[in-house]
Amino acid sequence: MAPGSLFDPDQWLAAQGTLSGDLAAACLAFGRLDAKLAVAGEGMRLRLALQEMADLGWLTGSRIGLERLSLFVALRIGAGDDAALLGQFAWGVRRLTGPGKVEGQGGWVSSLAAFLGFQGEAVLDLAETMTGTEALHPITQAAFLFHAWRMAGAERGARDIEGGVMAARLAGEKLGRGALFLPLALGSGTALRGQGTVLARLAAFYRGAEQASLSALMMIERMADWEARAREAMADCSGRTPGELVKVFARWPMVSAPMAQEHVGASRAAVQRNMDLMTARGVVREITGQGRFRIWTAAS
């Protein structure tokens, strides 16, 4: 798979000690994000996962925009010639937000195969390479896994996507409470660009993980600002439906009329009337351009 010296756990443990300050900074940023997500709910985790995958696409050269990915995940709209690529990114969103562990109780082979959805020589090699990394901090172990999988061969773009998702989820499942994954591609993607020595790769990974976690926090803060603006824009509307709709849009990246009706507990007519008003006032916008199965998003 890769040169043995580059994937000697002792070298990564030594580099981790040298970079203890960088690791602490990454842990602090992720800890703040984890606390925010513990109360933000499932919708915000989905919002971050969609943005993480969209940014990972830019990093790997696959220009899958956020709205296009969101529509594909929600309604399978817009596949066309890129159906396979969109399917791979949708897989990433599911893995960042759903059940399944990168390192399960059954050992590396079975958990990696289950997470990736296939088992072959590359998976067996990765499982063998990961053996002995248990003493590493989870973020260090995630960096180790990403770079080991990158060098497993096959298509580099696909390996980078799979490796980025596995690394993000591995750290998240070991460190997170509210967060299911550690952001790595959000913002700059520095975490996944490291090359050269173990020390250089790990330094980039720590720095990038910190930057991505801070970018995720900024996203949450922007949505809080949007919520305040939206409430002000709808302040003259009577009843509880406008305020409840604002809450729904603040927490979920994509909202359909039936979904809004379920969350708000109002009639379909009341929900649609208020969503039309929110659209007219520039609070939300419709993104499908269809007459049926329409989806709205916050106009942040």
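The rules we used
- Residues numbered from 1 in each chain as written.
- Predicted model: local features only at pLDDT ≥ 70, side-chain atom pairs only at ≥ 80, totals over all residues.
- Heavy atoms only, no water.
- Helix = DSSP H or I, 4+ residues; strand = E, 2+ residues; numbered from the N terminus.
- Expected span 1.5 Å × (residues − 1).
- Buried < 20%, exposed > 50% of the residue type's maximum accessible area, 1.4 Å probe, protein only.
- Arc of directions from axis to C-beta.
- Core = buried A, V, L, I, M, F, W, Y, C linked by side-chain atoms within 4.5 Å.
- Domains from an automatic or database assignment.
- Contact = heavy atoms within 4.5 Å.
- Buried area = accessible area lost by both parts, 1.4 Å probe.
- Salt bridge = Lys/Arg side-chain N within 4 Å of Asp/Glu carboxyl O.
- Polar contact = N/O pair within 3.5 Å; in protein donor to acceptor, adjacent residues only side chain to side chain.

**Thoughts on helix α2 (residues 20-40)**
So, point 1. The first and last C-alpha atoms of α2 sit 30 Å apart over 21 residues, in line with the 30 Å expected at 1.5 Å per residue.
So, point 2. Here α2 has its buried residues at Leu23, Ala26, Ala29, Phe30, Leu33, Asp34, Leu37 and Ala40. Seen along its axis, α2 keeps its buried residues to an arc of 145°; they face one direction. Turned more than 90 degrees off the buried face of α2, the exposed positions are Leu28, Ala38 and Val39.
So, point 3. Immediately downstream of α2, the backbone of glycine 41 shows phi near 95°, a positive value.

**Observations regarding the nonpolar core**
Nonpolar side chains in soluble globular proteins generally cluster together in the buried interior.
So, point 1. Counting 102 residues, the largest nonpolar core has Leu48, Met53, Leu112, Met166, Leu184, Phe205 and Trp226 as the members making the most contacts within it.
So, point 2. The biggest single contributor to this core is helix α10 (residues 198-233), with 14 residues.
So, point 3. Of the domains in this structure, domain 1 (9-220) and domain 2 (234-298) are the two that each give at least three residues to this core.
So, point 4. Those residues within four positions of phenylalanine 205 in sequence are excluded, and the remaining contacts are Ile139, Ala142, Ala143, Phe146, Ala167, Leu184, Ala191 and Leu192.

**With respect to the domain arrangement of the protein chain**
So, point 1. Looking at the protein chain, the domain boundaries give domain 1 (9-220) and domain 2 (234-298).
So, point 2. Counting from both sides, the interface comprises 13 residues of domain 1 and, opposite them, twelve residues of domain 2.
So, point 3. When domain 1 packs against domain 2, the two sides together hide about 1100 Å² of surface, and 68% of this comes from carbon and sulfur.
So, point 4. For the domain 1 face of the interface with domain 2, the top three residues by lost area are Arg47, Glu67 and Leu71, together amounting to 40%.
So, point 5. In this structure, the salt-bridge partner of glutamate 67 is arginine 285, at a minimum N-O distance of 2.4 Å.
So, point 6. Linking domain 1 to domain 2 there are four residue pairs in polar contact (both at pLDDT 80 or more).
So, point 7. The set of elements that each furnish at least two residues to the side of domain 1 that touches domain 2 consists of α3 (42-60) and α4 (66-75).
So, point 8. Residue contributions to the side of domain 1 that touches domain 2 peak at six residues, all from α3.

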